[in-house]
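Listed below, chain by chain, are the residues.
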Amino acid sequence: MTSKANTVAFQAGERNIFFHILTACNLSCRHCYINTSQHGTTTLPKETMLKWLQLFADPNKKSNVIFLGGEPTMHPDLADGIAKAKELGMAVTVDSNGYLFNNLLEKTSPDLLDYLSFSLDGPDPSVNDPIRGEGVFEVCTTNMGKAVAAGYNVSVIYTVSNLNIEHLHRMIPLLQDIGVKRFFIQVIGLRGNSAKTNAGEQGWQVSPEQWLDVVPRVANQAAEAGIHVTFPKVFLDPNEKFECAGLVTENFFIFPNGRVYRCPLCEDHPIHALEIKNETLVPNQNMKLTEDNFFQLNIEEGCVMNRLLQPDTISYDAQGKPLHRISCCLLKQEILPV
Ligand code: SF4
Ligand code: SF4
């Protein structure tokens, strides 16, 4: 049976708050997108973390907060952040590298944490560990099992690159064995380390043909195996409308140095639209041009930041017309479990 992937339309009136509460991490993944020269090295003090959460709370909007790092479980007060976010009416997710420091499973509870997400980039140590570090597969999968046993909803994020695309299908039996409910397939972005290092001769990024050949097919297979799958749209169909999330939704990517971006592709540059100063969210006055000026530009290639920062991802025909329009990187497709 084949299920249909639905594009998840941007929801006006919904807020997604991607909250980096620190930039420190125990791992050094080859594609890490954290860039301390842009995002600093601060670990937010507990009181600041709680006040900043309050800044983004709006009781009239459905809000989702995703706690990120670095490794967010290295923050000693993460459990307090989760409890505060829940008190503010937000749906709460933590994205962890799997190490679950500070006894997170005991310090919070499945009633407060809607999803505990683990990053895993391969179905076995031979694929995952060269990307994320030696021994990481074992620790991550063991802790996923413990989280499932403790009653948490567990999801997995797999960042697809040339190093692991051919192994994507082998994730399905692993996720089934562990009891994972949601599978997020991501496309690698050229930010942080992946913009500075290469992945060998073939480079990090997969071709449009490879992506379109592999990802929708594996996503279908995972849904048939009872897993809820989400993956980025990446290439718009000819008749599909292009929309920039920066113009139509409320996404905030908050860093511990106070920068607040509306678009994740911009995070390597000081062009954030907003910043937190003296516990207040204000426009970034330091730059004449910020990311929100770029969102307005209407180009044939689709996403303007992709065109500016990752032009190699676009191919053109003999007349100079782009072969594919690139969707907003925040536009997702999902397939519900069959
Ligand atoms: S776990 Fe995340 S923050 Fe840590 S090194 Fe890997 S990608 Fe970077
Ligand atoms: S990824 Fe592109 S389309 Fe999406 S918010 Fe950024 S600039 Fe807009």
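Scroll up a little and you will see the structure.
Residues numbered from 1 in each chain as written. Chains lettered and ligands numbered in written order. Predicted model: local features only at pLDDT ≥ 70, side-chain atom pairs only at ≥ 80, totals over all residues.

Turning our attention to the overall build of the protein chain. A count of helical and extended segments in the protein chain gives 12 helices and 15 strands. A compact globule built from 338 residues should have a C-alpha radius of gyration of about 20 Å, and the protein chain, at 19 Å, falls within 12% of that. When its C-alpha atoms are laid out on the principal axes, the protein chain stretches across 60 × 50 × 40 Å. Residues classed as buried in the protein chain amount to 42% of the 338 residues present. (Helix = DSSP H or I, 4+ residues; strand = E, 2+ residues; numbered from the N terminus. Rg over C-alpha atoms; globule rule 2.2 N^0.38 Å. Buried ≥ 20, exposed ≤ 12 C-beta atoms within 10 Å, placed from the backbone.)

Let us look at the environment of Leu308. Within the fold, Leu308 resides in helix H12 (residues 304–309). Judged by the 15 C-beta atoms lying within 10 Å of it, Leu308 falls in the partly exposed class. C-alpha separation for the pair Leu308 and Phe294, spaced 14 residues apart in sequence, amounts to 9.8 Å.

Turning our eyes to something else, we now look at the site of ligand 1. Inspection of the region around ligand 1 gives Cys25, Leu27, Ser28, Cys29, Cys32, Ile34, Gly69, Gly70, Glu71 and Asn97 as its neighbouring residues. Considering only residue class, the shell around ligand 1 consists of five nonpolar, four polar and one charged. (Near = placed C-beta within 6 Å. Nonpolar A, V, L, I, M, F, W, Y, C, P; charged D, E, K, R; others polar.)

The subject of this paragraph is the site of ligand 2. Taken together, 13 residues lie around ligand 2, and Cys244, Cys263, Cys303, Met305 and Cys328 are the ones closest in. Listed by contribution, the elements that provide at least two residues to the shell around ligand 2 are helix H10 (245–248) and H12. In terms of residues, the shell around ligand 2 owes the most to one element, H12, which gives three residues. A per-class count over the shell around ligand 2 returns 11 nonpolar, two polar and no charged.

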